[in-house]
Amino acid sequence: MRNQVSSLYFVLNKAINKGHKRSVKAKKNILASLVIKGGSIAISLVLVPLTINYVNTTSYGIWLTLSSIVGWFSFFDIGFGHGLRNKFAESIARGEYDLARKYISTTYVVLSLIIGIVLLIFVGITPFLNWANILNSPAEMAGELRVLALIVFTFFCLQFVLKLITTVLTANQEPAKASFFNFMGSLFSLIVIYVLTLTTEGNLIYLGTALSFTPVLVLVFSSIWFYNHEYKRFAPSFKQVDFSLARDLMSLGGKFFVIQIGALVLFSTNNIIITQLFGPTEVTPFNIAFKLFNIVTMGFGIVATPLWSAFTDAYVREEYQWIKNTLAKMRKIWLLSVLSAIGILFASPFLYDIWVGDKVEVPFGLSVAMCVYVVVSIWQTIHVFFLNGIGKIKLQLYMVSISAVLNIPMAIYLGGLFGLVGITLTSTIIFGVQGLVFFIQTRKIVNKTAKNIWDQ
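Residues numbered from 1 in each chain as written. Predicted model: local features only at pLDDT ≥ 70, side-chain atom pairs only at ≥ 80, totals over all residues. Heavy atoms only, no water.

Caption draft 1: Spatial organisation of the overall build of the chain. In terms of regular secondary structure, the chain is built from 17 helices and zero strands. Here the chain holds 456 residues, and 53% of them are scored as buried. Taking the intrachain contacts of the chain between residues at least 6 apart in sequence as the baseline, contacts between residues at least 24 apart amount to 82%. Surface accessibility of the chain: about 20800 Å² in total, with carbon and sulfur atoms responsible for 66%. (Helix = DSSP H or I, 4+ residues; strand = E, 2+ residues; numbered from the N terminus. Buried < 20%, exposed > 50% of the residue type's maximum accessible area, 1.4 Å probe, protein only. Contact = heavy atoms within 4.5 Å. Areas by Shrake-Rupley, 256 points an atom, 1.4 Å probe, with all protein chains shown as cover.)

In C-alpha cells form, the structure reads like this:
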C-alpha cells in the first residue's frame, strides 16, 4: 500500500512539474484551489439549508435580493481592480517591481476615497428609502430592513478595499491563496450561523451581520500577514502613491468599468426581476438551482482563474504557442464540464432532496435550463479570460453594453411566458451569442489576423 501511494505521488509530482515554468505555477495553483474551493463549495452547500432553517424561505429570498442590490455597488471601483490586475502582472513580467508597488499603493488610496464618498451618500439617503417596497416585502419589515441594509453596506465597503490583496495575489498567478480567504470567510460564517441557530430565534439582522462581518475579518488579518511577509516589497505606502498612474490604470480600467456595469445587470438583476414578477419566495428555488449547477462553473473557474494573469505574462513575452496550447486544453476541460453538468442534471432530484428536503421545490425544467446556461457560460468564460488578460476588450465592452440593455426586457418577457425557466433562458441566449463572438476574436488574435475592433 505504501509503495502504491509513493508511486502515485511520484507520477503526480512529475506531471505537475512538467512543462513551462508558467504552466507549472498554474498547475500547482489549480491543484491547491481544487482542495480549497472544494471545501468552500461544501461549506456553501451546508450553509444554504442551515440559513433557511434559521430564518425561512421568504426571508432567505429577501436576503439574497438585498445582497444582490448591495453587490451592485462593486462597480464603483471604476475598473481599478481589473486595471491593477493587468498592470501589476505586466510590471512583474518586465521586472519593474517598484512600479508594481506604486500601482498597488495608488489603487488602495483611490478606491478608499471613492468608496468613502459612496458610503457617506448611502448613509445619507437610506432613511428616505422604503426597503420594504424595494424588496417587495411586508411593510412592517421596513425598519428592520433599513438597519440591515446599513450594516451590510458598511461591511461591503470595508471589503471593497480590503479585497485588493486577493487581486494582487491573483495577478501574481497565486489565486489559490486568494481562494483560501474565501474559504476561511465561509467557514467562519458557517460557525457563526450555527451558533446563532442554537442561541437565537431567526433574525435577518443577525444573519446579515454574520455573513458580512466574517469576510472582512479574514481580509484584515490576511492583508497584515502578506504585506509583512511574502509581499512586503509590494506593501502599500503613502510615499509610493502616484496619482499620475491613476490615468494609466483608468485607460484599461475604464473599459473594465463599463463591462462591470453590464455584467452587473446580467448577473445581479435576476433576483430583482423574480422578486417583482413572482415575489421573494421564488428567488429561493432559482438560487438553489443556480448554486447546484454553479458547482461546475466554480470547478472550471479554478482552472481558468490563474490563467488570466498567465495570459498577460505570455502575451507580453509574445509566446503565442503557449497561448494556443493552453486554450486547446481549456476547451477539452470545457467538454468535461459539459458531462459534469449533464450528470448533475440527472441526479438533481435526488440532490435537492438530500440538500434542502421538502422545504424548497425546484422544477426539473428549471434544472434543465440552468444546466444549459452553465454549459454556455463556461464556453464564453474561456475566451473572456484570455481577452481580459491581454487587454483586448473593446469588442467585449460593446457586446456587454448591448446585452445589458436587452437583458431586463428579455427577462421580463420570457419570464412572463416561461416563469423561472424564461429568466434563465435569457441569460443563456445572451451568453451564447457572446461566446460565439469572443471565440472568433480569440482565433483571430492568436493567428495574428485580427484587425480593427477585433484587435482592440
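Caption draft 2: The arrangement of a nonpolar patch on the surface in detail. Together, Tyr 413, Leu 417, Phe 418, Leu 425, Ile 429 and Val 433 give the surface a local cluster of nonpolar side chains, amounting to about 580 Å² of exposed area. Elements represented by at least two residues in the nonpolar patch include exactly α16 (394–418) and α17 (420–446). Among the structural elements, Ile 429 can be located in helix α17. Assessed through its relative accessible area of 40%, Ile 429 is described here as partly exposed. (Patch = residues over 30% accessible without salt bridge, like charges linked within 9 Å, V, L, I, M, F, W, Y side chains within 5 Å. Salt bridge = Lys/Arg side-chain N within 4 Å of Asp/Glu carboxyl O.)

Caption draft 3: Spotlight on the side chain of Asn 388. Along the chain, Asn 388 falls in helix α15 (residues 364–390). Classification of Asn 388 by relative accessible area gives buried; the value is 6%. Not counting the four nearest positions on each side in its chain, Asn 388 is found in contact with Asn 86, Phe 256, Trp 308, Ile 393 and Gln 396.

Caption draft 4: Representation of the packing of aromatic side chains in the model. Counted under the stated rule, the structure contains 18 aromatic pairs. Where Phe 122 meets Trp 131, the ring centres are 6.3 Å apart and the plane angle is 50°; that geometry is what we call tilted. Each of the two residues, Phe 122 as well as Trp 131, counts as buried. Ring geometry for Phe 311 versus Phe 386: centroids 5.2 Å apart, planes at 85°, classification edge-to-face. (Phe/Tyr/Trp six-rings, centres within 6.5 Å; stacked < 30°, edge-to-face > 60°.)

Caption draft 5: Examining the nonpolar core more closely. Grouped together as the largest cluster of nonpolar side chains are 127 residues, with contacts concentrated most on Phe 88, Ile 288, Phe 293 and Phe 386. Of the residues forming this core, the biggest block, 14 residues, is contributed by helix α13 (residues 283–316). (Core = buried A, V, L, I, M, F, W, Y, C linked by side-chain atoms within 4.5 Å.)

Caption draft 6: Fine view of the packing of helix α7 (residues 142–162) against helix α10 (residues 204–227). Between α7 and α10, the shortest axis-to-axis distance is 9 Å and the interhelical angle comes to 15°. It follows that α7 is roughly parallel to α10 by the angle criterion. α10 is crossed by α7, and the crossing has left-handed handedness. Residues Glu 144, Leu 145, Val 147, Leu 148, Ile 151, Val 152, Phe 155, Leu 158, Gln 159 and Leu 162 of α7 pack against Leu 204, Ile 205, Gly 208, Thr 209, Ser 212, Phe 213, Pro 215, Val 216, Leu 219, Val 220 and Ser 223 of α10. Of the residues contributing to the contact of α7 with α10, the split by class is 15 nonpolar, five polar and one charged. (Axes fitted to C-alpha atoms, helices over the stretch in contact; angles between N-to-C directions. Parallel < 35°, antiparallel > 145°, perpendicular 65-115°, else oblique. Left-handed = near helix turned anticlockwise from the far one by under 90°. Nonpolar A, V, L, I, M, F, W, Y, C, P; charged D, E, K, R; others polar.)

Caption draft 7: Expanded view of the pattern of salt bridges. Taken as a whole and judged by the stated rule, the model has six salt bridges. With its nearest N and O atoms 3.1 Å apart, the salt bridge here joins Lys 177 to Glu 174. We note a salt bridge from Lys 177 to Glu 230, for which the minimum N-O separation is 2.5 Å. Within this pair, whereas Lys 177 is found in helix α9 (residues 175–199), its partner Glu 230 is found in the loop between α10 and α11 (244–268), the two being separated by 53 residues in sequence. Looking at Glu 230, the relative accessible area reads 46%, which means it is partly exposed. Three or more residues joined by partner-sharing salt bridges are found here, namely Lys 87, Glu 90 and Arg 94.

Caption draft 8: Region of interest: the packing of helix α12 (residues 270–278) against α17. Interaxial distance between α12 and α17 falls to 11 Å at its minimum, and their mutual angle equals 155°. Taken as axis vectors, α12 and α17 run roughly antiparallel relative to one another. Where α12 crosses over α17, the two elements pack in a sense that is right-handed. Between α12, through Asn 270, Ile 273, Ile 274, Leu 277 and Phe 278, and α17, the contact on the second element is made entirely by Leu 420, Ile 423 and Ser 427.

Caption draft 9: Expanded view of the environment of Lys 448. Tracing the backbone shows Lys 448 in the segment after α17. On the basis of relative accessible area, Lys 448 is assigned to the exposed category, the value being 62%. The sequence separation of Lys 448 and Tyr 320 amounts to 128 residues, and the corresponding C-alpha distance is 9.4 Å.

Caption draft 10: Expanded view of the environment of Ala 289. Secondary-structure assignment places Ala 289 in helix α13. Dropping the residues within four chain positions of it, Ala 289 is found in contact with Tyr 352, Val 362, Leu 366 and Met 370.

Caption draft 11: Expanded view of the environment of Ser 223. Within the secondary structure layout, Ser 223 lies in helix α10. A residue is classified by how much of its surface remains accessible, and Ser 223, at 10% relative accessible area, is buried. A C-alpha to C-alpha distance of 8.9 Å links Ser 223 and Thr 166, two positions 57 residues apart in sequence. Each residue touching Ser 223, except ones within four places of it in the same chain, is listed here: Leu 162 and Ile 165.

Just distances and angles here, no functional claims.
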